[in-house]
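Summary of structural features
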Amino acid sequence: MKKPKSTGNLHPALEYAQSVAQVSAGTILGITMLASSIVAGGLVGLALSFRNLPDVRVLRNYIPSETSYVYDMNGTLLDSIHDEANREVVNLNQISPDLKRAVLAIEDSYFFSHHGINPSGIARAFLANMEEGETVEGGSTITMQLVKNLFLTPERTMSRKVAEAVLSLRLEQVFTKDQILEMYLNQVYWGHNTYGVETAAKSYFNKPASELNLAEASMMAGLIQAPEVFSPFVDYQKAKERQAIVLQRMRQIGWATDAEVAQAKATPLKLGEITSFRASQAPYITDAVVAELTSRFGREAVLQGGMRVQTTIDLNLQRKAEETVRNGLASIQRQGIYADQMALVAVDPRTHFVKAMVGGVDYSKSQYNRAVQALRQPGSAFKPFVYYAAFATGNYAPDSVVMDTPVTYPDGDGYYTPQNYDGSFYGAMSIRQALAQSRNIPAIRLGQEVGINRVIEVCRTLGIKSPMEPVTSLPLGAVDLTPYEMAGAYATFANGGWHSETTTIVQVTDSKGNVLLDNTPRPQLVLDPWAVAALNSTLQDVITRGTGTAARIDRPAAGKTGTTSAERDIWFVGYVPQLAVAVWVGNDDYSPIGTGATGGGYVAPVWRSFMYKALEGVPVETFKPMSNFVKP
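Report follows, based on the coordinates. In this text the structure is predicted, and so the values were computed from the model without any measurement.

Right, let's get into the nonpolar core. Phe382 and Phe385 are the most contacted members of the largest nonpolar core, which has 84 residues in total. With residues up to four places along the chain from it excluded, the contact list for Phe385 reads Val455, Val458, Cys459, Leu462, Ile464, Met486, Ala489, Tyr490 and Phe493. Counting residues in each nonpolar core, the second largest holds 53 residues, with Trp190, Met219, Ala256 and Val261 among its members.

Attention now moves to the packing of aromatic side chains. Following the criterion strictly, the structure yields 15 aromatic pairs and no others. Between Phe385 and Tyr490, the ring centres sit 6.0 Å apart and the planes meet at 85°, which makes this aromatic pair edge-to-face. In this pair, Phe385 sits in helix 15 (residues 383-392) while Tyr490 sits in helix 19 (residues 483-494), placing the two residues 105 residues apart along the sequence. Residue Phe385 shares its accessibility class with Tyr490, and that shared class is buried. A ring pair is formed by Tyr388 and Phe493, whose centres lie 6.3 Å apart and whose planes are at 35°; its orientation type is tilted. Here the residue Tyr388 occupies a position in helix 15, and Phe493 occupies one in helix 19, the gap between them amounting to 105 residues. Through pairs of rings, three or more aromatic residues link up here, namely Phe382, Phe385, Tyr388, Tyr490, Phe493, Tyr575 and Phe623.

A word on the sheet that holds strand 3 (residues 86-87). Across the sheet, which stays open at both edges, the 3 strands sit in the order 3-5-4 with mixed pairing between neighbours. The sheet terminates laterally at strand 3 and strand 4 (189-191), the two strands that pair on one side only. With 2 bridges connecting them, strand 3 and strand 5 (residues 194-195) associate as parallel partners. Residue pairing in the sheet places Asn86 in a bridge with Thr194 of strand 5.

Turning our eyes to something else, we now look at the pairing of strand 17 (residues 558-563). Along any regular strand, the residues point their side chains to alternate faces of the sheet. Among the 6 residues of strand 17, 6 are classified as buried, and the element is accordingly described as predominantly covered. The side-chain alternation of strand 17 yields two buried faces, one formed by Ala558, Lys560 and Gly562 and the other by Gly559, Thr561 and Thr563. Both strand 17 and strand 18 (residues 569-576) contribute to a ladder of 6 bridges, which runs antiparallel. When the bridges of strand 18 are listed, Gly562 appears paired with Trp571.

The strand order across the open sheet formed by 5 strands is 2-1-6-14-15, and the pairing between neighbours is mixed. Sheet topology places strand 2 (77-81) and strand 15 (515-518) at the edges, where each strand pairs with a single neighbour. Recorded for the sheet is a direction-independent mean angle of 15° between the axes of neighbouring strands. Pairing between strand 6 (residues 308-311) and strand 14 (residues 505-509): 4 bridges, direction antiparallel. Paired with Thr311 across the bridge in strand 14 is Ile505.

A word on unusual backbone geometry. As a rule of thumb, non-glycine residues mostly have phi less than zero, and peptide bonds are mostly trans rather than cis. Its identity as a non-glycine residue notwithstanding, Phe277 has a phi of 60°, on the positive side. Examined against the element boundaries, Phe277 turns out to sit in the loop between helix 11 (258-266) and helix 12 (283-297). Phe277 gets classed as exposed once you look at its relative accessible area, which sits at 51%. If you check the backbone angles, Glu567 has positive phi at about 55° while not being a glycine. For Glu567, the position within the fold is in the loop between strand 17 and strand 18.

Reading the values: rules and limits
- Residues numbered from 1 in each chain as written.
- Predicted model: local features only at pLDDT ≥ 70, side-chain atom pairs only at ≥ 80, totals over all residues.
- Heavy atoms only, no water.
- Core = buried A, V, L, I, M, F, W, Y, C linked by side-chain atoms within 4.5 Å.
- Buried < 20%, exposed > 50% of the residue type's maximum accessible area, 1.4 Å probe, protein only.
- Contact = heavy atoms within 4.5 Å.
- Phe/Tyr/Trp six-rings, centres within 6.5 Å; stacked < 30°, edge-to-face > 60°.
- Helix = DSSP H or I, 4+ residues; strand = E, 2+ residues; numbered from the N terminus.
- Pairing = 2+ DSSP bridges.
- Axes fitted to C-alpha atoms, helices over the stretch in contact; angles between N-to-C directions.

Structural data, given as structure tokens:
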């Protein structure tokens, strides 16, 4: 240190000492002032940061993300749909008392006596954990854990811990203990993408949280600190060790007797299965349902909104349809037809509910849903729309004569000369014969007589939305449609002209039962009853004596074969009063499937096979005759 300059009034040694004291006092004062400034600034910073903390009152309207569930028409679960969090929210009174006690015992046994933070509890937990050599009691209160999960990041900093404490105090001022415990138990992570006590109980023990016994509850409570590590699905012995720690804590604080603890330890546990991201029971169906819900409500609402979706699907019938498609395509391939895919859609004409839908042979190999996504030419299966339009004019009946003779029409810059499938001409014939034998030229002639635009109007009335051009060849199926559209349109014929929107969804509610979507059928008579009866009569002849004889079943049925001229698509679409079914066969790359491949020869038998299964035990019904109605 530099020696201070003498004043001349004191002994040099005393003068030096005084000078050093002055310097030291000034240094201490400076340090003190600096420290005070830092503390003051820190307090101001904390105060400002507290002002920016979230308002816990927002939890009054908080709705946690919740899994949506899709069911068949009988309530069988088809699929659960969720984002990261697989969660089902329940009320506190729907949770087993044993589970509530077990969780509180291991996580926060003083929950009902503190006000959000528990300093003495932290000290007790530290000593208890040191004594046991492992974590037997948590330091953070349940309120603090809830705050951390809902509002804060998991970083371990002093400022975050202080914010956690402040928010916990605020939370306890706004909500009751029961409300906080309910939020916590529905929010907490239980492992394997499972959040909330209800979903965890159903996953680990295949039962609702309300039915958990002490053995199950104590094991679940032990998972909270490290769910994947302690999971019985991962290490059952480690899960049992954690269960013992929870039971020991419950006995220590008097929440379980020695006998109850011993019994819980000895109780055999029957584990369930991991439920997050498991496969759908009917993936083509649930994919279509999710697509429709997403278009209506948005992706986030479907993944996190806790929807309860009742579909129109009969899972038993769906299984029969899937079996029919697998076996049917294999049979067709054995006969030398080079087709790699098949789709099937079954619709109840009385409701227009889709009862079964198969979008391909094997979902695991291809998720492309040909039932609703594949636009393919229906060939002659389109002709009934033309014949209905003709009958609806009142100028034609099934026995009216139509000419099967060569004809040519202007078409763009050239001319269009239609041909029959076999290249022959039958001359004058009845409409009934022309449709039964699937003659092309009579269909073209009728299309021109009634007007192509009128035919398109009929298709729109029947719910067909795919693009259509008014080309001369339209009556022969020169348009791309889906099996879903074909089945829905034919269902209106089967129902005598009464139409509802075809759908895979009956109703959608939220988790509290509020209705979000109601597809209760509201049928309207959109077609002329006499014209429909005339068409139904004519299409029965297709099966009894026409191109669709391979579709004969033991009851009145109507239908139509479909074969494209390029041999890329073959169809059979048919119905009885209680069920309309469309079956398509082809290749995804649009390559030809083989010379001589026809809908009547190869697809009609598949349709027949499914109808026999689907109509087992269903009463025989007949179509209403033309004589019941007035001709237009």
